[in-house]
Structure formats: C-alpha cells, structure tokens
Amino acid sequence: MSKSNTWQRTHHCGALRPQDAGKTVVLNGWVASRRDHGGVIFANLRDRWGVTQVVFHPEQAELIAQAGNLKLESTVGLRGRVVKRPDNMVNPNMPTGGIEVAAEELVVYSEAKPLPFTIKDPPDALDETRLKYRYLDLRRPAMQKNMILRHKAAQAVRRYFDEKEFLEIETPFLMKSTPEGARDYLVPSRIYKGRFYALPQSPQTYKQLLMVSGFDRYFQIVRCFRDEDQRADRQPEFTQIDVEMSFVDEDAVFGVMEGLMARLFKEILGKEVPVPFLRLPYPEAMAKYGMDKPDLRFGMEIEDISGIASQTEFQVFKDAVASGGAVRGFNASGIGALSRKDADGLAEFVKTFGAKGLVTLQVQQDGIKTPISKFVSEGHLKRMAELYDAKPGDVIFMVAAEEKTCCAALGNLRNKIAADHKMIKPDDLSILWVVDFPLVEWDEQEKRFVAMHHPFTSPKPEDVPLMGSDPAKVRARAYDLVLNGAEIAGGSIRIHESGLQQKMFHLLGIDADTARRKFGYLMDAFQYGAPPHGGIAFGFDRLVAMLAGEDSIREVIAFPKTTSALSLMDGSPSEVDEVQLRELGIKLE
Ligand code: ASP
C-alpha cells in the first residue's frame, strides 16, 4: 500500500461498539501502546475521539512482523474486522471496551522517534519539557478534553449572544498606544519610522466607539495583550469575552451576564446556577472578607473588635486603634487545637501581607488559651470570644494594623484556612457581583489618583460633586463578577459626555493636552450623539479553567507562555535580522 495515500477511515477511534461486530473498518490514529502476548500483539490506536484496541494474530506472518516494529506514537492506518470481546475480556473503562479490531492490513504514515516523555495523564514531564514539546503535551487525553471544552464554551458564548441580538465585531490589533494601567506591547511601523502601533490591552475604546456608531449590543471573543511583570497564572496574551451595550443601566448588564453564566454552567457542566446573583457592595466585601473577590463557600466572616481591643492593656491593640488602624479577626470555627508550629506558620503567612503578627485565641472547654493572656483580662477575652460567637474547638485569629493591612492579612488567611482545612466541597459554588467600587484610589508611588477600574468608568451621578472635594469618596458605577474567589469579569457603566470625561482625566492628573493627544478621538466622538452605555469583559481563560476544574489557565491555552513570558517551543521573543531592524529604522543600544 502506497504511503502517500491516506486510508479514509470508516470510524474514529472512539466509535466502535459490540453491535458493529463483523464489520470491516478502517481506523487512523496514533499508536498509544503495544503489548506482545506470546505471539499475539495488541496495540491501542488513539485519536481525538478515543482509543480502540487492535489485535494482530501470529498466523499473519507479514502483518505480525510489521506490528512487532511499530513505534509508539507513530501514525498509522489500519484495516480490520470488528470482533466482539468475550464477556470476561470486556474493558468497562473504555467506551470501545466491548470490541477489538482484528487487523488485516496496516500502513505506517509516519514513524515516531522515541518521545521526550510518555503521553499519559497525569504527565510525568517537567513543566518546561511540556511547554517545549507542547504539540506532544496536547496529545494527552486531559489536554484534548480541555481544548474541546474551551471550544464548546466559546461556541456556547457565541450562540447565547447571537440569540440576544449581540453583534460580533472585530476591532484592530494594531492601535494607538495609550498606556493606562499596564504597559503596552509596541509594534514599530516600517512605513512611518519612529512611530509605533500598540497591541490592545483590551478593545475598550473601540467598543465604546461602536456604541457611538449605533451597534448597540456588541460582543467579541478577543485576544488582549499586556506587558506586565508576569505573575503566576498571568499570560502576556489572554482572551476576553468583551461586551458592550447601549441605553443600559447596571441591571440590564447584570441580567445578560447572569444568563450567560447560567447557560455556560448548564451546557458545559450540566449544573443549575441560581440567578440573580448576590450584589455585595465593595465596602462590605472588604470589611467582611478582606478583599474585593470574596469566596463565600465558607463562613469565617471578619469582624472589627477595635472597640473592646482598645480597652485592654495590650499595647499592640491600643496602638493600632490609636493610630487610626483597627483590630479585626475571624472565628475559624471548629478547626480544633492549633499547635505552636501551626500558629507560627500562620503568623509568617500574615506577615507576607504586611501584618506584624497574628493573635490567636483558642477557645477550649476549660477556658481560652492565648499568648496575650498576660495583657488581656479574662473578662475581655470572654467578651471577644462572645463577639465572635466562639464555642469550644474554635480558634479566633486577630490582626492589629492599619485597615488595609488588616484586610489583606485576614482576607488571605481566611482563604488559606479554608483550603488547608478542606472546607470547600467540590460542588459548592460562590458567585456574586461586587458593586460600588471607589472610582479612584491614591497611588503612593505616582502621588496621584489612579482609576480603580479604568478612566472611562462613570462615577455615580450623586457623587459627581465629590470629584473636586473628596475624590476618594466617589463611588463608581463599576462591578466585578466573582466566581469561587476569583475575579472572572469586570466592567462598568461608562462616561458618555466629553465634559465629564475631561473632568475624570483631570482628576487622574492627565492634563488636557495629554488627554487630547491620547483620547481625542473618543472625546470627539462623544460630541456627536453618544448613547449612555456600559459593558463588561470576562477573562475567558480563567472561566474555562474553572469549568475544566484546572487551577492554571495554562492548562486551557493551546500554546501558552511561561510565567516569564517566554515561548519555550518557538523560542520567542527572539533576536531578529539586522535587515529587519534597518527597515524599521531601529538601532539597538
Ligand atoms: N476593558 C475592561 C477590562 O479589560 C473591561 C470593561 O470595562 O469592559 O478590564
């Protein structure tokens, strides 16, 4: 049989069942395994649909010789007859486990060298090796499953938005550089030397302009690029589901997005997600959970006990409150006795968030055990335990610091305790909106206010007067969607008047000239009839990772980069030819 002809398959490798017995079939696939059983050779053929067992019998001398030489992961075509397996040979773990195919003819399309690692789940290769040979890593059934799930999710998103009369409109990848927030990836222009395009951090201004154009209800599954210092689980390029709508308020945006989440969970996981979602104001999220992406799958709500703490003789508590900070804590109910080592470990943990220490109260049958018993009367300790509703077996954790530090330390500790003590059941779901974010926050390094969401986010109309007098108090019409403690979407109702937009730029310390140079096109557009509008963007990679039950977004991206933004497979970023640089008019230092 000529190698140049691909035998056209009659079935894929996941298709055959006992009722197909007797059929002559053609399969194509990869040799996933080969076992020699005293003359009889078994092989598994794998393709994206599944695995089928093939058997070569010793009577067929030529065929068995061919099979004996089969190298793992080679691609082959196989013609054979489907045979029902005897009952005691059925493999219940394989959908095709009721049959095997008795080989009659075999062609090797491409013989594989020994692989750098075995194709199996879980992989036994280092992450670096997996990324270098990503095309092999992607052969693993788990990765195939993830990529198929990602495809399904993307299709479900498109179907949903199409039903709701959203239009998918592409926006440019080569745009004007307007860094605000993250750093831009720049693309030098050959025609206009010394000038640069930027890759979009998001299509934010374009989608707003599309609203001005009248394309009410836009969405796009779109790549975004941010040249940030990489942190674990960030990628320099990532995918958003980007959405914008005209003549809407928060309720309208929430309604569409809640419907989308419900649809995705139903279609992909077969799970019902009750709507509408809880809306938690930002100040409450910070006070109770210490962060703006709270996980509500477990309790342990934070409470402020500054009042009673400042009445004790414990200087650390008194000082914190006197200097405008707070004493806060939570009851890790039922975690039982805490060893000295555990307590020290947790204290180290909160220090990474700026806390100076961690105070523990262990509530036991015979009293309260705490390192601060020398400074705090039994009455005060009892009162604290009462405030935290503590009973024997509970442990109260407290931090005394400025408010921000209390939040960060306790919020993260709360998540850690829940994880360490396996408080989260696999089927639990926490999904909520965080609303009423501050419009701006003070950036100590830059000594100016920066937008908490982005500069196009509208303040609440009733707070606009505060923009001049007390900017930190202004609430934004911004919202985040938080799923199981991860921010999976964020958006806002936008500013649609050039006057207010200018005021916002001014507040951010962007002078009129700079604003004009950077965003003149948007402010001009607002002068020709701009609809009130708002939208949101979902982190599609994170969403898919959560649907797939993966911790890292790398597991749901076909060709990801490392945490340090390298592509180990193709070696990018790489140096380029002198000629290329000359054409661009670029000289390297
Ligand atoms: N463009 C914003 C972002 O990428 C989302 C939005 O406001 O729609 O975070």
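Above this text is the structure in question.
A brief report on the enclosed structure follows. Position numbers for residues start from 1 in each chain and track the written sequence from start to end. Per-residue local features of the predicted model are confined to residues with pLDDT of at least 70, and side-chain atom pairs are confined, for both listing and counting, to 80 or more; whole-chain, interface and lining totals are unaffected and use all residues. Side-chain measures were taken over the full set of non-hydrogen atoms in the model, leaving aside hydrogen atoms and water.

1. Considerations on empty space enclosed by the protein
Lining residues are those with an atom within 4 Å of a point, where the points come from a 1 Å grid over the protein atoms alone and group into cavities, where a 1.4 Å probe fits but cannot get out, or pockets, open sets with protein on both sides within 12 Å along at least five of seven lines. Grid points are joined across faces, edges and corners, and a volume is the space filled by probe spheres set on the points. Tallied over the entire structure, the rule returns one cavity of 30 Å³ or more. Reported here for the largest cavity is a volume of approximately 40 Å³. Lining the largest cavity are Asp-127, Arg-130, Leu-131, Arg-134, Arg-554, Glu-555 and Pro-560. Where helices and strands are cited, they refer to DSSP runs of H or I of at least four residues and of E of at least two residues respectively, numbered from the N terminus. Of the residues forming the lining of the largest cavity, the biggest block, three residues, is contributed by helix α2 (residues 127-132). Gly is placed with the polar residues, together with every amino acid not listed as nonpolar (Ala, Val, Leu, Ile, Met, Phe, Trp, Tyr, Cys and Pro) or charged (Asp, Glu, Lys and Arg). Across the lining of the largest cavity, the residue classes break down as two nonpolar, no polar and five charged.

2. Examining the pattern of salt bridges
Salt bridge, as used here: a side-chain nitrogen of Lys or Arg that lies within 4 Å of a carboxyl oxygen of Asp or Glu. The tally for this structure, following the rule as stated, stands at 46 salt bridges. The salt bridge involving Glu-105 is made with Arg-79; its shortest N-O contact spans 3.1 Å. Highlighted residues: Glu-105 in strand β5 (residues 99-110) and Arg-79 in strand β4 (residues 75-84), separated in sequence by 26 residues. With a closest N to O distance of 3.5 Å, Asp-124 and Lys-120 form a salt bridge. The exposure class of Lys-120 is partly exposed, given its relative accessible area of 35%. What emerges from the salt-bridge pattern is a single network uniting Asp-121, Asp-127, Arg-130, Arg-134, Asp-137, Arg-140, Arg-554 and Glu-555. The rule is simple: take the accessible area with a 1.4 Å probe, protein chains only, and divide by the maximum for that residue type; under 20% is buried, over 50% is exposed, in between is partly exposed.

3. Remarks on the packing of helix α14 (residues 498-507) against helix α15 (residues 512-525)
Axes here mean lines fitted to C-alpha atoms, for a helix over just the part in contact, with angles spanning 0 to 180 degrees between N-to-C directions. Running from amino to carboxyl end, α14 crosses α15 at an angle of 155°, the nearest separation of the two axes being 11 Å. Between α14 and α15, the angle is such that the two are roughly antiparallel. When you trace α14 past α15, the crossing you get is right-handed. Every residue of α15 that contacts α14 at Ser-498, Gln-501, Gln-502 and Phe-505 is listed here: Ala-515, Phe-519 and Met-523. Of the residues contributing to the contact of α14 with α15, the split by class is four nonpolar, three polar and no charged. When an angle is under 35 degrees it counts as roughly parallel; over 145 it counts as roughly antiparallel; between 65 and 115 it counts as roughly perpendicular; any other value is oblique. Each crossing gets its hand from how the near helix is turned against the far one by less than a right angle, where anticlockwise is left-handed and clockwise is right-handed. The contact criterion used is simple: two residues touch if any of their non-hydrogen atoms lie within 4.5 Å.

By themselves, these are just geometric observations and shouldn't be taken as functional.
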